[in-house]
Every structure is written in C-alpha cells, then in structure tokens.
Amino acid sequence: MSAAFYRDYIVDLKARMDDLHADTAAYQTYALTMELLAQKNLVSYAMKRQRGQTDSLFYRRDTSTGQRAQMPQQAAYGVFAGFFGLGQFLASSGRAEGLGEEQFAETLTADWTYPTCAVQFSFRKKGQSRATSMKMLFIGLNGDADAAAYEARLARPALLIETRPFASNILWEWK
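Definitions and cut-offs
- Residues numbered from 1 in each chain as written.
- Predicted model: local features only at pLDDT ≥ 70, side-chain atom pairs only at ≥ 80, totals over all residues.
- Heavy atoms only, no water.
- Salt bridge = Lys/Arg side-chain N within 4 Å of Asp/Glu carboxyl O.
- Helix = DSSP H or I, 4+ residues; strand = E, 2+ residues; numbered from the N terminus.
- Buried < 20%, exposed > 50% of the residue type's maximum accessible area, 1.4 Å probe, protein only.
- Contact = heavy atoms within 4.5 Å.
- Pairing = 2+ DSSP bridges.
- Axes fitted to C-alpha atoms, helices over the stretch in contact; angles between N-to-C directions.
- Core = buried A, V, L, I, M, F, W, Y, C linked by side-chain atoms within 4.5 Å.

Draft legend 1. Up close: the pattern of salt bridges. Throughout the structure, instances matching the rule amount to five salt bridges. A salt bridge links D8 to R164; its shortest N-O distance comes to 2.8 Å. Taken together, the residues span a long stretch of sequence, with D8 in helix α1 (residues 7-22) and R164 in the segment after α4 (144-153) at a distance of 156 residues. On the basis of relative accessibility, which here comes to 29%, the residue R164 falls in the partly exposed class. What emerges from the salt-bridge pattern is a single network uniting D8, R164 and E173.

And the structure:
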C-alpha cells in the first residue's frame, strides 16, 4: 500500500484559513472547527458566522486528567499553525471498524508519537453562489521518510487514504 501525501493540500488549506482570519468581513458564512490531538492533549478551535451571528470557542483539554482551560484565539491558532508547518501529512479514511474512540486515537497517533488534526471547514464568500466545504483527518509527520515509517508500522493500513481526491460519507476533500 502507498498512502497519499497531503502536503500540497495542507498548504492550500492553511492559505484559505489565513485568508478567513485576515478578512472575515469578506465571508457571508463560515464554520471552521479544528481539533488537534497531540501528547495526550486536545486543542479545540471553533469559529462560525451564520445568519449574521458569530460565535467562537478555543480551549485545551488534557485527555488523561480531563482538565480544561480556555485559550486566547491567537494562542490556539498558533498551535494549529505549528501543526500545518510540519513537513508531510497523511490522511485517515475514517475506516475504524472494530476500534473504539480511544483505540482509534491511539492507533492514528501511533501511541501518541504523531499529532492528528481533524478539520471541518465550510465557507461562502460574499458574491459566491454556493458554499465550499471539506472535512478531513490528518496525521502530521516530519517529512516523506517519517511518513513511510509511520505507514510501515501502522497495523491497520485501511485507515489511510491511498487515492486522491478522497470522498466518503463522513470525510471529503473540497467540494
């Protein structure tokens, strides 16, 4: 099996998110939700504009103790910017048959060695006739060699996407 690389996709995704953050007034509607799981911590980032109302929430939760703490938006976005700055990315197909939520997380993170990031992003810029959306789950790696090593040690290769563009009922690239 040869998993598909997603570095180019992440570069485009990050540029779109940066554009949203730089000029939210240019967007009719948007919903950006990201969850980063790394070193047994979950960082959650959510911002939304719908029907003229905006809402946001940024926090960190220690998955081993359950302790939560709200974060400033800049600090939370900085965590995700660091993730998106990694050298290579693989994406999960979401095929987790027989795995519970905790087992799925431990499998994808390779027992907490690699960070994973779920991203759901939809938006409609002012003047556009329809919204654009994506929903993906990425594994962050240092480079191509690290990605190959990750893939080789993964006990469930069906968890990784092989062919791009990818679309399923629960995960999809831009549509």
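Draft legend 2. Seen up close, the environment of T63. Mapping T63 onto the fold places it in the loop between β3 (53-62) and β4 (68-70). For the pair T63 and M134, spaced 71 residues apart in sequence, the C-alpha to C-alpha distance is 26 Å. Beyond its immediate stretch of four places on either side in the chain, T63 contacts L37, K40, N41, L42 and W112.

Draft legend 3. Region of interest: the sheet that holds strand β5 (residues 88-91). Strands sit in the order β4-β3-β2-β1-β6-β7-β5 across an open sheet of seven strands; the sheet is antiparallel. Either end of the sheet is taken by a strand with one partner, and the two such strands are β4 and β5. Here the average twist between neighbouring strands, direction ignored, is 25°. The pairing of strand β1 (residues 27-38) with strand β2 (residues 41-50) spans nine bridges and is classified as antiparallel. The residue bridging Y30 from the neighbouring strand is R49, located in β2.

Draft legend 4. Quick look at the nonpolar core. Within the largest apolar cluster, 35 residues are counted, with the highest numbers of intra-cluster contacts made by Y6, L13, F84, V119, F121 and F138. Contributing elements (two or more residues each) for this core: α1, β1, β2, α2 (73-84), β5, β6 (116-125) and β7 (132-141). Contacts of F121, omitting those with residues within four sequence positions, involve L13, R16, M17, L20, A31, L32, T132, S133, M134 and W174. Counting residues in each nonpolar core, the second largest holds 14 residues, with F104, Y114, L141 and L154 among its members.

That is the geometry; function is a separate question.
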